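Coordinate inspection notes
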Amino acid sequence: MSRSRPSAIPGPRVVIALLLLLGLVSVMLLDGYLRAEVGNDQRIRSGASADEVPDSVLDGGPLLSFPGGTARTQSVPDKTIVLTFDDGPDPEWTGKVLDVLDDNDVPGTFFLVGSMVSRYPDLVRDMVAGGNEVGVHTFTHVDLSYQSASRVTRELAQTQLALAGAAGITTTLFRAPYSSTNDAIDDYSWPVYEKLGALGYTSVFIDTDSEDWQQPGVDKIIDLATPKSGKGASVLFHDSGGNREQTLEALPRYIKKMKAQGYTFTTVSGAQQLDEQAQAPSGQSGQSGQSGQDTADRAGQAVDPPAAASDPEQAAHRKADATILWEGRALLAAVAVAEWTMPGLAAVLTVVGVAVLGRFGLMLVLARSHYRRRNRRRFVWGPAVTGPVSVIVPAYNEKECIAHTLNSLASSTHPIEIILVDDGSTDGTPEIAESLGLPNLRVVRQENAGKSAALNNGVRQARYDIVVMMDGDTVFEPDTVHRLVQPFGDPAVGAVAGNAKVGNRNTVIGAWQHIEYVMGFNLDRRMYDLLRCMPTIPGAIGAFRRRAVLAVGGMSEDTLAEDTDITIALHRAGWRVVYAEHARAWTEAPASLGQLWRQRYRWSYGTMQALWKHRRSVTDRGPSGRFGRVGMPLVVLFQIITPLFAPLIDVFTLYAMLFVDFRASLLAWLTILLVQLLCAAYAFRLDREKYRYLLMMPLQQLAYRQLMYLVLIHSCVTAATGGRLRWQKLKRTGVVGSPTSGTESR
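Let me begin by describing the structure that accompanies this report.

Rules of the game
Residues numbered from 1 in each chain as written. Predicted model: local features only at pLDDT ≥ 70, side-chain atom pairs only at ≥ 80, totals over all residues. Heavy atoms only, no water. Helix = DSSP H or I, 4+ residues; strand = E, 2+ residues; numbered from the N terminus. Buried < 20%, exposed > 50% of the residue type's maximum accessible area, 1.4 Å probe, protein only. Contact = heavy atoms within 4.5 Å. Areas by Shrake-Rupley, 256 points an atom, 1.4 Å probe, with all protein chains shown as cover. Patch = residues over 30% accessible without salt bridge, like charges linked within 9 Å, V, L, I, M, F, W, Y side chains within 5 Å. Salt bridge = Lys/Arg side-chain N within 4 Å of Asp/Glu carboxyl O. Polar contact = N/O pair within 3.5 Å; in protein donor to acceptor, adjacent residues only side chain to side chain. Lys, Arg positive; Asp, Glu negative; His and termini not counted. Charge placed at Lys NZ, Arg CZ, Asp CG, Glu CD. Phe/Tyr/Trp six-rings, centres within 6.5 Å; stacked < 30°, edge-to-face > 60°. Lys NZ or Arg CZ within 6 Å of the ring centre and 35° of its normal. Expected span 1.5 Å × (residues − 1). Pairing = 2+ DSSP bridges. Axes fitted to C-alpha atoms, helices over the stretch in contact; angles between N-to-C directions. Parallel < 35°, antiparallel > 145°, perpendicular 65-115°, else oblique. Left-handed = near helix turned anticlockwise from the far one by under 90°. Right-handed = clockwise from strand over helix to strand, strands pointing away.

Of the regular secondary structure elements, the protein chain holds 22 helices and 22 strands. Out of the 746 residues in the protein chain, the part that is buried amounts to 57%. Here the contacts in the protein chain between residues at least 6 apart in sequence split such that 81% fall between residues at least 24 apart. Carbon and sulfur atoms make up 55% of the accessible area of the protein chain, which amounts to about 31,000 Å² in all.

The structure is reproduced here in structure tokens:
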């Protein structure tokens, strides 16, 4: 109870947590972009007019460039074939296509999708090293005629970056997705080709289509790919986009057939040079098809053309400069992280999802069993406990609440002594207590030393063997103490957890906490009770054997969760800890988000401290080992690990709603919500609560749960960075008054 006033959310650690979340979202968006889930545009234009496209282009050859700003088309020379492959690289098919080309000593020109390049850079490296030529096929395989100018530039730039990172080159070749022959150019795509031409790109079309993507059969593919009357051809095949078994079977037969007919094979650059040589005046040799043009860098801006490539069949390749090279490598590194992270996270989240659903099922089964067992008419703990007990109330500056708390105890139907341990209050709390004139009240003053010290002082002052501990903002029903101490009729019981209820539940924040409390006490605690591994006696309402508390050293100041610490210590000492569902206490829950954050931050961090303190119980024998191997894993799994990963499930769900399948993702989320709603409804039924508060549950899942996740992440970051957290006093209003027996402030 040290009284510093730290900010509700310490900045640096929250920043770290938010950066981690931002990193995850970035990885997800990158992975979705690579898989065409983010920014995917499946529109394909067809049937548009071509009034603005020059006839010379529509009727020209398949190689379109713009030297000097004027459109020029070139054809593949007779008896020459340019093998072009679209949509790769593909991890299953591209390597096999490269093997076929290498075995037959022919080059190919591959138009690569940038997202695939970034995922499979080794294939591109092998492709270029093997003498093949590469071109840009956009980054996400979209129809550029529908895209903005900035999107067009981005599609080119990102693909060039991927090529630079994969093979250290950029390229001046381009083929638009969904393009075919020149006469398919329309008034919408023509401006795109003009822009690309101004940037130095050669747009490559086809004049012969194998239609292998339709899988018409090997013989049909060969027949369709064969040029007529010895003409040259730019032939389209695919090395990705589906099953390419027929392509692989047809390709070597096709190459052998065309070679037998006197055909030679080259790349796009090779065909351009052959065409220029054929068109050049006698005695002059043509230059590369890129000569006289600017070439495109990764940002889509025109740059001076570099020296011709050493291999004329790779003349379109340009060595990437240092800046582009390292940016490309950074892109590939980010993609590699996404490629490894997302499947791993998906697997982990699947396990977490199964564990959460399994926990819900286990809680329902055990909660029902617990309820039926404890509510049988003949159930008794043992001999009735009727002797007086000591009630310890630690307090610091509780002037708003202390009168309600003490007056509720004065109405107790069980004989008690009340020990108010004032921990150095400065607001007159002890004076208010003394002014009540309660005959069974003792006020013990001490210098400010914290809640644990106050409780230990109260235990030492107690006259009876059973001590009840409660918070200074909590009120008991008249029969609460009597119901709470009955389990001590069993000599094996060392501590009892009562049923804490939210008194100020008529606000949104209060209602959210009310749902949480009812589910926690009626499902979790019942489950832990039957499994004999109750992790926490709540500070608001708990009872202990005094000798058991003293035997384990009292309330420790080692952690901020002294209630969890003492509970685990009692388990390890061999005592049984149980739950008394009918012993109700009404507590004032935090009324603002800042107070709620501070309280749950302390709880979460304190629980981690307690678990770490008792970590050796996992390897112990006897009762200590039993808790260590049953209770400890359950608490770690369901109070730390599962909640830590739960935000990822929400982020994945939101991602899927936005970019994958909204209806299916929404249905999955609603299904999980329905499961939680059914569990909550059953918990409310067991506790005889009215169901109207469950109307707040969808909003609780959307807002309150996210806050609790952030609190837990904050606590984990604090623990990981070695931070220290002091006791934090919450502001009270005293709105929870003294109830009568059976009151259900609903």
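To continue, consider a nonpolar patch on the surface. A surface patch of nonpolar side chains, about 260 Å² in accessible area, is lined by Val508, Leu699 and Leu702. Summarising the element assignment, Leu702 is placed in helix H22 (residues 697–720).

Bringing the environment of Glu689 into the picture now. Summarising the element assignment, Glu689 is placed in the loop between helix H21 (662–686) and H22. Judged by relative accessible area, Glu689 falls into the buried class, the value being 4%. Polar side-chain contacts of Glu689 include one of 2.9 Å to the side chain of Arg505.

Okay, a negative patch on the surface next. Together, Asp99, Asp102, Asp103 and Asp105 give the surface a local cluster of negative charge. With respect to the helices and strands, the residue Asp105 is situated in the loop between helix H3 (94–103) and strand S4 (109–112). The class of Asp105 is exposed, set by a relative accessible area of 69%.

Moving on, we get to the packing of aromatic side chains. Inspection of every chain in the model, using the stated rule, returns seven aromatic pairs. The interplanar angle of 45° and the centroid separation of 5.7 Å between the aromatic rings of Phe66 and Trp190 together place this pair among those described as tilted. Of the two residues, Phe66 sits in the loop between strand S1 (63–65) and strand S2 (72–74) while Trp190 sits in helix H7 (residues 190–198), which places them 124 residues apart along the sequence. Residue Phe66 shares its accessibility class with Trp190, and that shared class is buried. Of the aromatic side chains, those joined through ring pairs into one cluster are Phe85, Phe110, Phe237 and Tyr254. Between Arg45 and the ring centre of Tyr188, over which it is positioned, the NZ or CZ distance is 3.9 Å. Over the face of the ring belonging to Trp326 we find Arg329, whose NZ or CZ atom lies 4.7 Å from the ring centre.

Right, let's get into the pattern of salt bridges. This structure, assessed with the given rule, holds 25 salt bridges. When the shortest N-O distance is used, the salt bridge between Asp86 and Arg175 registers 2.8 Å. Placement of Asp86 in strand S3 (residues 80–88) and of Arg175 in the loop between strand S7 (173–174) and H7 is noted, with a sequence separation of 89 residues between them. The same class applies to Asp86 and to Arg175, which are both buried. Within this structure, Lys501, Arg505, Asp687 and Glu689 form a network of salt bridges that share partners.

For Arg374, the location among the structural elements is in helix H11 (residues 322–374). Engagement of the side chain of Arg374 in a polar contact is seen with the side chain of Asp529, the distance being 2.8 Å. When near neighbours in sequence (up to four residues on either side) are disregarded, Arg374 contacts Phe379, Trp381, Asp529, Arg576, Tyr579 and Glu581.

This brings us to helix H19 (residues 593–613). A rise of 1.5 Å per residue sets the reference length of H19, with its 21 residues, at 30 Å; its end C-alpha atoms lie 30 Å apart and thus fit the reference within 8%. Judged by how many residues are buried, H19 sits mostly within the fold: 16 of 21 residues are covered.

In spatial order, the strands read S17-S16-S15-S18-S21-S20-S22-S19; together these eight strands make up an open sheet with mixed pairing. The sheet is open, and its two borders are formed by strand S17 (441–446) and strand S19 (474–476), each paired with just one other strand. Pairwise comparison of adjacent strand axes, ignoring direction, gives a mean angle of 30° for this sheet. Both S19 and strand S22 (residues 576–587) contribute to a ladder of three bridges, which runs antiparallel. Bridge pairing in S22 links Phe476 to Ala585. The sheet contacts of helix H14 (residues 451–461) involve strand S15 (389–395), strand S16 (416–423), S17 and strand S18 (466–469), and relative to S16 the element is tilted by about 145°.

Look at helix H18 (residues 562–572) against H19: their axes get within 8 Å of each other, and the N-to-C directions meet at 25°. When the axis of H18 is compared with that of H19, the two are roughly parallel. Read as a crossing pair, H18 and H19 show a hand that is right-handed. Taking contact as the criterion, the partners of Thr564, Asp565 and Ile568 in H18 are, on H19, Thr607, Ala610, Leu611 and Lys613.

Burial runs high along strand S10 (residues 233–238): six of the six residues are buried. Of the strand pairs in this sheet, S3 and S10 are connected by six bridges, and their pairing is parallel. Bridge assignment links Thr84 to a residue of S10, and that residue is Leu236. Bridge count between strand S9 (residues 208–209) and S10: two bridges; the pairing is parallel. Paired with Asp209 across the bridge in S10 is Leu236. With respect to chirality, the unit in which S9 leads through helix H8 (residues 218–225) into the neighbouring parallel S10 is right-handed.

Structurally, the position occupied by Glu133 is in strand S5 (residues 133–136). The side chain of Glu133 sits in the buried core without any salt bridge; Arg318 is the nearest counter-charge, 7.4 Å away. Within the structure, Glu133 has its side chain in polar contact with the side chain of Ser269 (distance 2.3 Å). Among the polar contacts made by the side chain of Glu133, one reaches the main-chain amide nitrogen of Ala316 at a distance of 3.2 Å.

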